[in-house]
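Residue-level listing of the chains:
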Amino acid sequence: MPKQLDLATATACIDDYRRTAHDLAIARRELPGTEVTARLESQLRQLHMRVDDDFEPWRERLSRLYRDEVPAVYFKLRPTLMVMSLIFFGMAIVGWSLVSHFPELAALFASEQLIDGVQRGQLWTDGILNVTPSSVMSFGIIANNVTVALSAFVLGTLYGIGTLYILVLNGAMIGGVLAFTHQHGLGLRLFRFMLAHGVVELSVILIAAAAGVSLGAALARPGLRTRAEALREAVADAACLLAVVVPFLGLAGLIEGFISPVDQYGFLIRLLVGLASGALLWGVLTGRVWRRPSV
Amino acid sequence: MNFADEQLAVSTVDSVDLSMELAGVGARAYAFSIDWSIRALGAAFWLLLATGIRNVPGVELGAIGFFAPAAVIYLGYHPVLELLRRGVSPGKRIAGLIVVRNDGGAPGPGAIVLRNLFRLIDSLPVCYALGLVLMFATRRQTRLGDIVSGSLVVYASRQRLRMSDTVLADEGLPPRTALLIEEVLQRWDELVPDARAALGSKLLSQIDLPVPADAAAIREHLQTALRTGAA
């Protein structure tokens, strides 16, 4: 990991760098093609990497990230995010409609075990804590959600098609499963289960999808830059956003492991947890949480 | 124009041009195969250990406890080690490679995380096929992870500086003489005793230093001149 050098070491390092550059210039003129020149070049390369280091103290870096970079990228990506939300919820409606009209299509979105359980009037989330402890459950959920979010992001490099595939599939799956459980009188219970963690979880997946599609857009329309340059800039922007929102999946996973499956938590508490965690996420994204006092 | 660049040209702040040799597909594949072997063995070792733990009466190891550490070893190997060691995984170290920014500087943590995250795409559809195709197709032999993170893989500079190299700029010892002294000292033991004494004396008199009669003393004087740059 990069380390902050103390002043004496940094000064000595820069001094070495200048002297070696000086020696190398002479060696190249006087002793071209010799071992001395090769060794000095090697030394200067090593010193160059040490001196030309974009190290920034982590507090300053985090402050810049949260205060300036994330809100800027969020507002830049907001139109894409809206389109992604429309596609996702549109596909959820499509999934709902398909399963409502053709119940046998539930098999497209749910496993046989899940279908059997719902047909017996049981949700797969019922009594889940008897089988898996909350901590283990949270770990599994976080790992899965982080994988989905990061996959949605990086698959954007396939001209956005990979990201759209994940988005469409997940939208249709949620709509389809909700419709199927609704048909068996369990829709409200599933909605109640999703309420506390769903706001953050869905938000992060949609943001990751918007970030992924922005990579595809940079490749498809690079403008005056080369495709590689456009992609690099889009990745740098999107990575700032993901570095901040992906950790929220940890929060969502903890809520899903410790609050969502516990029946004692009523609708109001779940609603409040969902709204509060969502407000925190969107507050961070828009920069409201870290807003500087007006001068 | 060459199909692929072999060197990365870097200009230092003192306007001294440097070049770094870009690592080709072969060297990178070699480094990767070493890394892959280490992480596969690490994951396999955990699975064996976990199988043993499972057989201990009274100890329960669920599916997550059984597979998750192996997955963490296998998937976390590159990101964690490269973050800790600034882009130098054990495989790269053995193959003599390092990761640098496009301008030759040291990569930051963000760049290292990104180049590892995009392994997911480079590894598609199997066996890093996309990454290999990109390396063959790009001038600097970069995979997608390198492109998006603005990094390159180059051969590490391993040559160590000698004392004599750092006195070139001093006024006392002319660079060509310093080089000659160094070469004579390097071959000192191979030379015929009379020849090395004659050569050493000649060099010492060239730089206006007293010439001792004893061969060992001549060698010592030459070493001192080289070390201090004094003439």
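Small disclaimer: the values here were computed from a predicted structure and weren't measured. (Residues numbered from 1 in each chain as written. Chains lettered and ligands numbered in written order. Predicted model: local features only at pLDDT ≥ 70, side-chain atom pairs only at ≥ 80, totals over all residues. Heavy atoms only, no water.)

Description of the environment of Arg192(A)
Residue and element names in this part refer to chain A.
Piece 1. Take Arg-192: it is sitting in helix 9 (residues 187-220).
Piece 2. Spatially, the C-alpha atoms of Arg-192 and Gly-266 are 8.7 Å apart, while their sequence positions differ by 74 residues.
Piece 3. Not counting residues up to four positions away in its chain, the partners in contact with Arg-192 are Asp-263, Tyr-265, Gly-266, Phe-267 and Arg-270. (Helix = DSSP H or I, 4+ residues; strand = E, 2+ residues; numbered from the N terminus. Contact = heavy atoms within 4.5 Å.)

Let's talk about the pattern of salt bridges
All names here are of chain A.
Piece 1. Counted by the stated rule, this structure contains 13 salt bridges over all chains.
Piece 2. Among the ionic pairs, Glu-69 bridges to Arg-61, the shortest N-O distance being 3.1 Å.
Piece 3. Residue classification places Glu-69 among the buried positions, given a relative accessible area of 17%. (Salt bridge = Lys/Arg side-chain N within 4 Å of Asp/Glu carboxyl O. Buried < 20%, exposed > 50% of the residue type's maximum accessible area, 1.4 Å probe, protein only.)

A look at the interface of chain A and chain B
Piece 1. Opposite the 47 residues of chain A that make contact, chain B presents 52 residues.
Piece 2. Interface area, chain A with chain B, both sides summed: about 4,200 Å², of which 66% is carbon and sulfur.
Piece 3. Across the chain A-chain B interface, the total number found is 0 salt bridges.
Piece 4. Counting every contact that joins chain A to chain B gives 3 residue pairs in polar contact (both at pLDDT 80 or more).
Piece 5. Looking at the side of chain A that touches chain B, the elements that each hand over two or more residues are helix 1 (7-30), helix 2 (35-51), helix 7 (134-154) and helix 10 (227-245) of chain A. (Buried area = accessible area lost by both parts, 1.4 Å probe. Polar contact = N/O pair within 3.5 Å; in protein donor to acceptor, adjacent residues only side chain to side chain.)

Remarks on helix 9 of chain A
Residue and element names in this part refer to chain A.
Piece 1. Relative to the 50 Å expected for 34 residues at 1.5 Å per residue, helix 9 spans just 41 Å between its end C-alpha atoms, considerably shorter than the ideal helical length.
Piece 2. If you look at helix 9, its biggest bend is around 65°, right at His-197.
Piece 3. Counting buried residues in helix 9 gives 25 out of 34 residues, a clear majority hidden from the surface. (Expected span 1.5 Å × (residues − 1). Bend = angle between axes of the 7 residues up to and from the residue.)

Overview of the side chain of Ser277(A)
Residue and element names in this part refer to chain A.
Piece 1. Along the chain, Ser-277 falls in helix 12 (residues 267-286).
Piece 2. Residue Ser-277 is classed as buried on the basis of its relative accessible area, which comes to 6%.
Piece 3. Looking at Ser-277, its side chain comes within polar contact range of the main-chain oxygen of Val-273, at 2.8 Å.
Piece 4. Ignoring anything within four residues of it in the chain, the contact list for Ser-277 reads Ala-196, Val-200, Leu-251 and Ile-255.

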